[in-house]
Amino acid sequence: MAVEEGIDDYTQDGTVDLKGNPVRRSKRGGWTACSFVVVYEVFERMAYYGISSNLVLYLTRKLHQGTVKSANNVTNWVGTIWITPILGAYVADAHLGRYWTFVLASLIYVTGMSLLTLSVSIPGLKPPPCHQANIDDCKKASTLQLAIFFGALYTLAIGTGGTKPNISTIGADQFDDFHPKEKASKLSFFNWWMFSIFFGTLFANTVLVYIQDNVGWTLGYGLPTLGLVISVMVFLAGTPFYRHRVPAGSPFTKMAMVIVAAARKWRVPLPSDPKELHELDLEEYARNGKFMIGSTPTLRFLNKAAVKTGSTDPWMLSAVTQVEETKQMLRMIPILIATFVPSTMVAQINTLFIKQGTTLDRHIGNFKIPPASLAGFVTISMLVCVVLYDRFFVPVIRKWTNNPRGITLLQRMGIGLVLHFVIMAVASLTERYRLNVAKQHGLVENGGQLPLTIFILLPQFVLMGTADAFLEVAKLEFFYDQAPESMKSLGTSYSSTSLGIGNFLSSFLLSAVSDITQRDGHEGWILNNLNKSHLDYYYAFFAVLNFLNFIFFMAMIRFYVYKAEVSDSMHVLTEELKVMRLKASNQEAAKGIA
């Protein structure tokens, strides 16, 4: 009995220690290991948002850049931050594994943060102060000053490329899908993961931005740099408790092999019986801790990659499981595309929303509110909604749907998409009101501060946090959950890719709209003087874009097929192996009797 309990104590999901040995469930993983990962994320988010939340104001006030240029520099950098995880996921899955990729990338991250702190601290690395009303009259930053500042920013971006796709996946890997209690815990992991992210974000959007605006940028950037160093040390301290996955090879190469093999055999007919397609032995999957996936009728063209033609060249013949893994990644792409537009809305939080705040009255008595601190209400709203969703909404809805999550991940995403339409409609109406007040007080031409509280912007920030509680949490869990077991890092990078593309799309739309609306002698919708601009038209345009995107999303989810639960697949595999072994032993016994 003791031997059986010892065997049962080992994880069944193929996780190992750093030396490649199987790990015991009682010794590694679970919430104990996740505590180190979650603590890291709190500090890391504090570091990242400590830079990004107020970056548009640093570019405007210290580097003397205009509205469009500063906003685009922010979104281009943030876009890079969210795109580089594709490279980090590739390195982790194909070569170094998630742990070592994360460790090396975190060192690059710390280097970038340290250099950035120096660039805002040394007087010679930034132009002299300027208090002119028209920012075009101020001395611009030199090429060298810009090179050092943006060099530090993009070094930091490379570092986050290796940390972002792997840290949340490392956390999720600490739960065994084939153990009922751990599987149940994993369902709540992503909600609490987002909770930790926004807890760190809240500190950045309140304390750090206040320090940057009222004390100085040196301390304002130095503190998040110190926080990042502490977070890396915390993560390393948890190393003895982590479960790890062995790199399973490049997911891009695997997918390319399937697509190329299917294309090269496009004239070859598919067999009527899927069992005639090429597949590896069950024993091989079980031995390597991998999962067999049966052939499905979706994207049938790719099934041709598994048709046997006599060649064993991996670029001519793929196993059914490899074909199905490729299908899973491709099936998610339309859903990924549907998240680009709401990610563009998120990009407005740290750009135009903050710029709006600079035109409003920010005083509460003698205390002056930093414009970027309003982003803290996104965090607070999101934190409250995640707790309410996880603790109240899910248990109630679960009784009617019999779904452990309450509603499906795509349904949760759909609610978030609807909220993004509402957000931009509200933002447009609020901006129209702000512009009317500017006209009434004769503050259009001089761009002066309006006698209007900054809290009129509060609804759009609060609604953005509510939308995040639905869309961003569901998006992260969806792309992780629906990715094949050997491509989890790549699946997680889909979520960050969505934010990256959204930020680049924001830069494109801002530049295009600014250029188009200034043609033929018109003043344009987006100017350095926001009191003369028409952000109300711009936000209304975004509301229409969100509505059209929601229609696209609804059309795409009608064709989406959720992948089978891995634990169910593993159960089927185990039962089939038992039958095969029983038959083999019976045949041997029959031979012995004969």
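We now turn to the structure provided with this report.

Definitions and cut-offs
Residues numbered from 1 in each chain as written. Predicted model: local features only at pLDDT ≥ 70, side-chain atom pairs only at ≥ 80, totals over all residues. Heavy atoms only, no water. Helix = DSSP H or I, 4+ residues; strand = E, 2+ residues; numbered from the N terminus. Contact = heavy atoms within 4.5 Å. Areas by Shrake-Rupley, 256 points an atom, 1.4 Å probe, with all protein chains shown as cover. Phe/Tyr/Trp six-rings, centres within 6.5 Å; stacked < 30°, edge-to-face > 60°. Buried < 20%, exposed > 50% of the residue type's maximum accessible area, 1.4 Å probe, protein only. Lys NZ or Arg CZ within 6 Å of the ring centre and 35° of its normal. Axes fitted to C-alpha atoms, helices over the stretch in contact; angles between N-to-C directions. Parallel < 35°, antiparallel > 145°, perpendicular 65-115°, else oblique. Left-handed = near helix turned anticlockwise from the far one by under 90°. Nonpolar A, V, L, I, M, F, W, Y, C, P; charged D, E, K, R; others polar. Core = buried A, V, L, I, M, F, W, Y, C linked by side-chain atoms within 4.5 Å. Patch = residues over 30% accessible without salt bridge, like charges linked within 9 Å, V, L, I, M, F, W, Y side chains within 5 Å. Salt bridge = Lys/Arg side-chain N within 4 Å of Asp/Glu carboxyl O. Expected span 1.5 Å × (residues − 1).

Let us look at the overall build of the protein chain. When its secondary structure is counted, the protein chain shows 20 helices and 2 strands. Long-range pairs, those at least 24 residues apart, make up 82% of the contacts in the protein chain with a sequence separation of at least 6. Only carbon and sulfur atoms are counted for the fraction: they give 65% of the accessible area of the protein chain, which is about 25500 Å².

A few words now on the packing of aromatic side chains. Here the structure, examined in full by the defined rule, presents 31 aromatic pairs. When the ring of Phe 478 is compared with that of Tyr 560, the centres are 5.4 Å apart and the planes differ by 55 degrees; the resulting orientation is tilted. Residue Phe 478 is found in helix H17 (residues 458–482), and its partner Tyr 560 is found in the loop between helix H19 (535–557) and helix H20 (566–593); the two are separated by 82 residues along the sequence. Across this residue pair, the class does not change: Phe 478 and Tyr 560 are buried. Taken together, the ring pairs connect Tyr 40, Tyr 99, Trp 100, Phe 102, Phe 235 and Tyr 242 into an aromatic cluster. Taking the ring centre of Trp 82 as reference, the NZ or CZ of Lys 164 above it sits at 3.9 Å. Between Arg 412 and the ring centre of Tyr 389, over which it is positioned, the NZ or CZ distance is 3.7 Å.

This part takes up the packing of helix H2 (residues 30–52) against helix H6 (residues 143–172). Contact geometry for H2 and H6: axes closest at 11 Å, N-to-C directions at 150 degrees. Judged by the inter-axis angle, H2 sits roughly antiparallel to H6. H2 and H6 meet at a crossing whose hand is left-handed. Contact residues: H2 offers Cys 34, Val 37, Tyr 40, Glu 41, Glu 44, Arg 45 and Ile 51, while H6 offers Leu 153, Thr 160, Thr 163, Lys 164, Ile 167, Ile 170 and Gly 171. For the contact of H2 with H6, the residue count by class is 7 nonpolar, 3 polar and 4 charged.

For the pair helix H9 (residues 251–264) and helix H11 (residues 320–331), interaxial distance at closest approach is 9 Å and the crossing angle is 105 degrees. When the axes of H9 and H11 are compared, the pair comes out roughly perpendicular. For the pair H9 and H11, the contacting residues are Lys 254, Met 255, Met 257, Val 258 and Ile 259 in the first and Gln 322, Val 323, Thr 326, Met 329 and Leu 330 in the second.

Unlike most non-glycine residues, Leu 299 shows phi in positive territory, near 50 degrees. With respect to the secondary-structure elements, Leu 299 resides in the loop between helix H10 (282–287) and H11. Looking at Leu 299, the relative accessible area reads 41%, which means it is partly exposed.

Core analysis: the biggest nonpolar cluster contains 103 residues, and Trp 77, Phe 149, Phe 235, Tyr 538 and Tyr 539 have the highest contact counts within it. Every residue in contact with Tyr 539, bar those within four places of it in the chain, is listed here: Leu 352, Phe 353, Gln 356, Met 424, Ala 427, Ser 428 and Glu 431. If you look at the next biggest cluster of nonpolar residues, it comprises 21 residues, including Leu 410, Tyr 494, Phe 553 and Tyr 560.

The next point concerns a nonpolar patch on the surface. A cluster of nonpolar side chains, Val 418, Phe 421, Val 422, Val 544, Phe 547, Leu 548 and Ile 551, forms an exposed patch at the surface whose accessible area comes to about 590 Å². Only helix H16 (409–440) and H19 provide two or more residues apiece to the nonpolar patch. The element that contributes the greatest number of residues to the nonpolar patch is H19, accounting for 4 residues. Position of Ile 551 among the secondary structure elements: in helix H19. Look at Ile 551 and you get partly exposed, because its relative accessible area is 45%.

Applying the stated rule across the entire model yields 15 salt bridges. Where Arg 98 meets Asp 173, a salt bridge forms, and the shortest distance between an N and an O atom there is 2.3 Å. Taken together, the positions of Arg 98 in helix H5 (residues 85–121) and Asp 173 in the loop between H6 and helix H7 (180–214) put the pair 75 residues apart, joining distant regions of the chain. Here Arg 98 matches Asp 173 in class, with each residue buried. With its nearest N and O atoms 2.8 Å apart, the salt bridge here joins Arg 434 to Glu 431. Of this pair, Arg 434 and Glu 431 both sit in helix H16, 3 residues apart, which is roughly one turn of that helix. Here the two residues Arg 434 and Glu 431 agree in accessibility, since each one is buried.

What follows deals with H19. Since one α-helical turn is 3.6 residues long, residues separated by three or four positions face the same way. The end-to-end C-alpha distance of H19 is 32 Å, a good match for the 33 Å that 23 residues give at a rise of 1.5 Å each. Along H19, the residues classified as buried are Leu 535, Asp 536, Tyr 538, Tyr 539, Phe 542, Ala 543, Asn 546, Asn 549 and Phe 553.

Here the focus is the environment of Leu 435. Tracing the backbone through its elements, the reader meets Leu 435 in helix H16. In sequence terms Leu 435 and Leu 530 are 95 residues apart; their C-alpha atoms lie 8.7 Å from each other. Ignoring sequence-local partners within four residues, the contact set of Leu 435 consists of Leu 530, Asn 531, Ser 533, His 534 and Asp 536.

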